[in-house]
Amino acid sequence: MTARWIPIWSRGMRSEPGRSLGVAALVLVTVVIAASVPRLLVRASDDALRADAAAAASTVRNLQLVQSGRIAAGSTDPLGPARTAGTTLEARYPAPLPSVVAGRGMVIDTPLWHVSAGTNVDTVLNLRMQQDVDAHVRLTAGRWPTGATTTIHDPGSAADVDSDLVVFEVATSSQTAGKLGLAVGARLILAPEPSDPLAANRAVNLAVDLVGTYDVIAPTEPYWMDDASVDHSYIYALSALVEYAGATMLLAPGAYPALMTATLASGMPMTYHWRSYVGAATLESDQLDDLSAALRRATTIYPPANPNLGNGGLFAGADQMSPASLRTGLPGLIAAHQARWLSGATILTIMWTGASLVILASLALVAETIARRRRVSLAVVGRRGASPGQIAAAILSESSVLVLPATIVGSVTAGLLIPVPNQGPTVVVATGIAIGAIAFIIVASRRNRAIDSVERPRRLRRPGSGRLVAEVFVVGLAVVGAILLRGRSPGGTAAGPPPPAGPDPFLAVAPALVGLAAGIIAVRLLPLVAGFVARLLAERRGLVAVLGLRRAARDGSVAAVLVVALTATTVASFASALLDQVDAGARSAAWQTVGADYQLTGSPDGLAAFQASPPTGVDATAAISAVSVAVSTGGGRTLLALDPAALTQVARGTPAEPDFPASILDPVGTGPLPAIISSDAGGSGPIALGQGFSVRIGGTAVPLRAVAVRSSFPSVPAGEPFIVVSSRDLTYVPVQTAVLVRSSALTLAQLQAATANLLGVTVQGRAVTQSSLRDAPAVTAVALGILSAAAAVLAYGLLTITLAIALDTASRRRETARLQILGLSNRQVVALVMIEFAPVVVVGVLAGLGLGLALIAFVGPGLGLPAVLGVARLEPVAIDAGRLLAIAGLTLALILAATLLSTVLERQTQLATAVRD
């Protein structure tokens, strides 16, 4: 029996193909948008993770197993046993660690040697064998070393008459050779360095012949694991008064057997590094929890420790090895990314929660429109004997035909546009939309079964006790949610506990609840205000204004328009303010990162040469010496030694201008030195304002006193604990590590060209840094998510308003026609609709703009936007008034167009039909 009514019901679909296709198209577009949101979040999180990994230091991103001891050389492949030992250790990496490894390498280092003859520079060096090193350096003089060795008599005065030395062939960087005053063919005599525990008390001497020099092709590539000693010399400081030149020299892999033989009697251990290079492209955000768990297990298997056992009696044989230790910063990188992305995901969830409410309202009104167009068919089939079950089956069949194919096509389209491995969220979202749309149609159809139900305008009913309690409950939830969101901690840190798996659902929905609560209050106030104004106007001549206001006070469609206008503009203004904060945050982050217009980093000699002769166009420079120091309160911090006057001149009038206390600007006579300390202690002990403490600089304790506490300081990365002191007050000033430059005339390219001849000096520009921060995947994802959510809200909000006006118009066509019979002109018809809707829309738009700005001001501190941008805090942001006016103007213009369209629909009713009725 039910099957008979399905064809009858489907005739309506065939008779109005445009309406049916329109509904299907709306469902399809909604499914595509909604299903794309979780897929975009996954893609954006992956891109942000890979960008963070690619930008991280090589020692942070990659894995390195370190072990000290002696591994015998192979007979055919000298390094074969060492590689096999590394493979065996790496085989114990828990899954999914092996899947993210894109390459492997091995390095073998000797302990430090002191050069006793061959150079006038006091030098310590280590000998190294590094896998595939010849592919990463370029020979500049001489030739590559081989495994060949010779034997010479030990020239040392204390050597025995029969003492011989094994001579190895080595190569070193051109810069190191120049620093030590060496030319190809130079010979160095080596003795174990007493300050190195692995070399101390080892009775063995060696000699090396320099047979070639090279330049490193790409010093920053991951292959080098941020070890710059292969590229240039360094300073090996024993104390503040004793410094050596440090160097690394390369041996050929073929020299490994001879090296092990020459050091066998002394039992000198080697240090083996087995490196696993993590590919940034292999990382996926949905595997981070498993990857973090695997890293924790790997750390348990290979606990981080100093591989030196510190006992001269150990390492006597090939089977005596220190425990292997894992060195990596990947757990901290993952934790920092999760904390950062959690804040971004919270912002996007908040935006799309508000958008979802408007989308649901649009779908509900579409269902109402369908049901009202079917009211006559419902009544007719009911009078012909159809049971409620048969009618329900017919409604279900039509709604399924309209919704299900569009849902399937929308899901497939979203999958093709944004491919991701996990299809679960798409299926859940699409299923939810399909079920919701069908449910809306069924509920609305059952509510409109009476043939004359549409003749009666939908009136605002007085709330019953249950509804009143529900509305008060929603308003209370909105207030509580906003307060909790404002005080929310925006996420963990790399050093803290792992962040939660996702944003808190209640806090994410809090802004939407605030908008809904405002809508509830507005709907309750609407009849009171409109009725009061109508009573005042009733004392004057004219019917149109009074009738329009009374319609607004009694009809539910006007309330729906008010709620949607309020919600849409609230979300839009909220999004506009967020975008302003994103732009301002990127600017603040750039100034904090660079500290001036430009920042130069590199070798101390190159930086000193730049300051001695700056290029034309440089207005001012300031040198900064940054060094890690131990603090008496516990832990360590980054110490910045600088000239306050010079830095003030460089940064004057910019967001990076430091506000130095007077005690730092004035020279100190006696007593502790004044210092600025960070409010974030990181892993170090906390320091209070006015507290005295000390740090060790160059091996000497320096007393300090905290005269100011700051959350950030120019040129110091966000979250890094720091201490700032005046270099004029220090007896020993560490070597400079950066130079801040003020220049309004030079571009980044021009400054890079001017410093091209300075070895190892790199230039970072503030404008380019700001652009790169603004275009970072996490920031771009948040900005695009905000824009897309705001666009969806405006589009669906306007659709909802149009449908609400059209639906209300359809229910009052006969009323308007009767008024026209009584003399209402076409101009008055237009005025009637405008008076009914225009004041409500204007009030809703203006209130929405104010509510959105107030909401971002109130809950903004809890959104975690500084974590996304990598800044300590957001500076005050100027609201883009032009954008807000554009939002208001666009909303009002489109609603006006919808209102005029509704008047056209009203005029379609024939007056003769109204007279017959």
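Residues numbered from 1 in each chain as written. Predicted model: local features only at pLDDT ≥ 70, side-chain atom pairs only at ≥ 80, totals over all residues. Heavy atoms only, no water.

A. Looking closely at the overall build of the protein chain. Each helix and strand in the protein chain was counted, giving 26 helices and 22 strands. Expressed as a percentage of the 917 residues in the protein chain, the buried residues total 50%. Considering only intrachain contacts with a sequence separation of at least 6, the fraction spanning at least 24 residues in the protein chain is 82%. In the structure as shown, the protein chain presents an accessible area of about 39,500 Å², 61% of it carried by carbon and sulfur atoms. (Helix = DSSP H or I, 4+ residues; strand = E, 2+ residues; numbered from the N terminus. Buried < 20%, exposed > 50% of the residue type's maximum accessible area, 1.4 Å probe, protein only. Contact = heavy atoms within 4.5 Å. Areas by Shrake-Rupley, 256 points an atom, 1.4 Å probe, with all protein chains shown as cover.)

B. View of the environment of Arg637. For Arg637, the position within the fold is in strand β16 (residues 636-642). Residue class for Arg637 comes out buried when judged on its relative accessible area of 2%. C-alpha separation for the pair Arg637 and Pro721, spaced 84 residues apart in sequence, amounts to 5.4 Å. Polar side-chain contacts of Arg637 include one of 3.1 Å to the side chain of Ser678. Only 3.3 Å separates the side chain of Arg637 from the backbone oxygen of Gly685, close enough to count as a polar contact. (Polar contact = N/O pair within 3.5 Å; in protein donor to acceptor, adjacent residues only side chain to side chain.)

C. Region of interest: the sheet that holds strand β19 (residues 700-710). Strands sit in the order β18-β19-β17-β20-β16-β15-β21-β14-β22 across an open sheet of 9 strands; the sheet is mixed. At either margin of the open sheet sits one strand with a lone partner, and together these are β18 (692-697) and β22 (762-765). Averaged over all adjacent pairs, the angle separating strand axes in this sheet is 35°, with direction ignored. Two elements, strand β15 (residues 620-630) and strand β21 (residues 738-742), share 5 bridges in a ladder whose sense is antiparallel. Residue pairing across strands places Ala620 opposite Arg742, the latter belonging to β21. Lying on the sheet, helix α17 (residues 644-651) is in contact with β15, β16, β20 (722-726) and β21; it crosses β15 at an angle near 125°. (Pairing = 2+ DSSP bridges. Axes fitted to C-alpha atoms, helices over the stretch in contact; angles between N-to-C directions.)

D. Layout of the pairing of strand β4 (residues 123-130). For β4, a buried count of 8 out of 8 residues is recorded, marking the element as mostly surrounded by other parts of the structure. A two-sided burial pattern is seen for β4, the buried positions comprising Thr123, Leu125, Leu127 and Met129 on one face and Val124, Asn126, Arg128 and Gln130 on the other. In this structure, strand β3 (residues 113-117) lies alongside β4, joined through 2 bridges in antiparallel fashion. Among the inter-strand pairings, His114 is bridged to a residue of β4, identified as Val124. Connecting β3 to the antiparallel partner β4 that follows it, the hairpin turn spans 5 residues, and Gly118 within it adopts a positive phi of roughly 115°.

E. Molecular detail of the side chain of Thr755. By the secondary structure assignment, Thr755 is in the loop between α19 (748-754) and β22. At 3.2 Å, the side chain of Thr755 and the backbone oxygen of Gln752 are in polar contact. The contact partners of Thr755, leaving out residues within four places of it in the chain, are Leu600, Phe610, Val761 and Val763.

F. Structural detail: helix α4 (residues 80-90). Residues of α4 that are buried include every one of Gly80, Ala82, Gly86, Leu89 and Glu90, and no others. As for α4, its buried residues are in contact with β1 (63-69), β2 (101-109) and β12 (270-278).

G. Local environment of the confidence of the model for the protein chain. With 76% of its residues at a pLDDT of 70 or more, the protein chain shows a mean pLDDT of 78. Confidence over residues 451-460 falls short of pLDDT 50; this stretch has 34 contacts with residues more than four positions distant or in other chains. (pLDDT = per-residue confidence, 0-100.)

H. Spotlight on the packing of aromatic side chains. This structure, assessed with the given rule, holds 7 aromatic pairs. Arranged with centres 4.9 Å apart and planes meeting at 80°, the rings of Tyr223 and Trp224 form a pair that is edge-to-face. Residues Tyr223 and Trp224 agree in their burial class; the two are buried. Ring centres of Phe713 and Phe722 lie 6.1 Å apart, and the angle between their planes is 45°; this geometry places the pair in the tilted category. For Phe713, a relative accessible area of 2% gives the class buried. Three or more aromatic residues link up through ring pairs in this structure, and these residues are Phe660, Phe713 and Phe722. (Phe/Tyr/Trp six-rings, centres within 6.5 Å; stacked < 30°, edge-to-face > 60°.)

I. The nonpolar core, seen in detail. Residues Met351, Val403, Phe574, Leu578 and Ile786 are the most contacted members of the largest nonpolar core, which totals 65 residues. At 12 residues, the largest contribution of residues to this core is made by helix α8 (residues 330-373). With sequence-adjacent residues up to four places away left out, Val403 is seen in contact with Val27, Ala434, Ala437, Ile438 and Ile441. (Core = buried A, V, L, I, M, F, W, Y, C linked by side-chain atoms within 4.5 Å.)

J. How the structure looks around the pairing of strand β17 (residues 673-678). With 6 of 6 residues buried, β17 lies mostly within the body of the structure. Of the two faces of β17, the one holding Leu673, Ala675 and Ile677 and the one holding Pro674, Ile676 and Ser678 are both buried throughout. For β17 and β19, the ladder comprises 6 bridges, and the chain directions are parallel. Bridge assignment links Pro674 to a residue of β19, and that residue is Arg705. In terms of strand pairing, β17 meets β20 through 2 bridges, oriented antiparallel. Note that in β20 the partner of Ile676 across the bridge is Val724.

K. Structural context of the pattern of salt bridges. One pass over the full model with this rule turns up 7 salt bridges. Here Arg104 ties to Glu90 by a salt bridge, and the two come within 3.0 Å at their closest N and O atoms. Of this pair, Arg104 sits in strand β2 while Glu90 sits in helix α4, and the two are 14 residues apart along the sequence. In this structure, Arg883 and Asp580 form a salt bridge, with 2.9 Å as the shortest nitrogen-oxygen distance. Of the two residues, Arg883 is situated in helix α25 (residues 881-907) and Asp580 in helix α15 (residues 556-594); the sequence distance between them amounts to 303 residues. (Salt bridge = Lys/Arg side-chain N within 4 Å of Asp/Glu carboxyl O.)

L. Examining a nonpolar patch on the surface more closely. Judged by side-chain polarity, Ile521, Leu525, Leu528 and Val529 come together as a nonpolar surface patch covering roughly 380 Å² of accessible area. Counting through the fold element by element, Val529 comes out in helix α13 (residues 505-538). (Patch = residues over 30% accessible without salt bridge, like charges linked within 9 Å, V, L, I, M, F, W, Y side chains within 5 Å.)

M. Molecular detail of unusual backbone geometry. With an omega of 5°, the peptide bond between Ala95 and Pro96 qualifies as cis. Within the fold, Pro96 resides in the loop between α4 and β2. Residues other than glycine seldom take positive phi values, yet Asn201 does so here, at roughly 65°.

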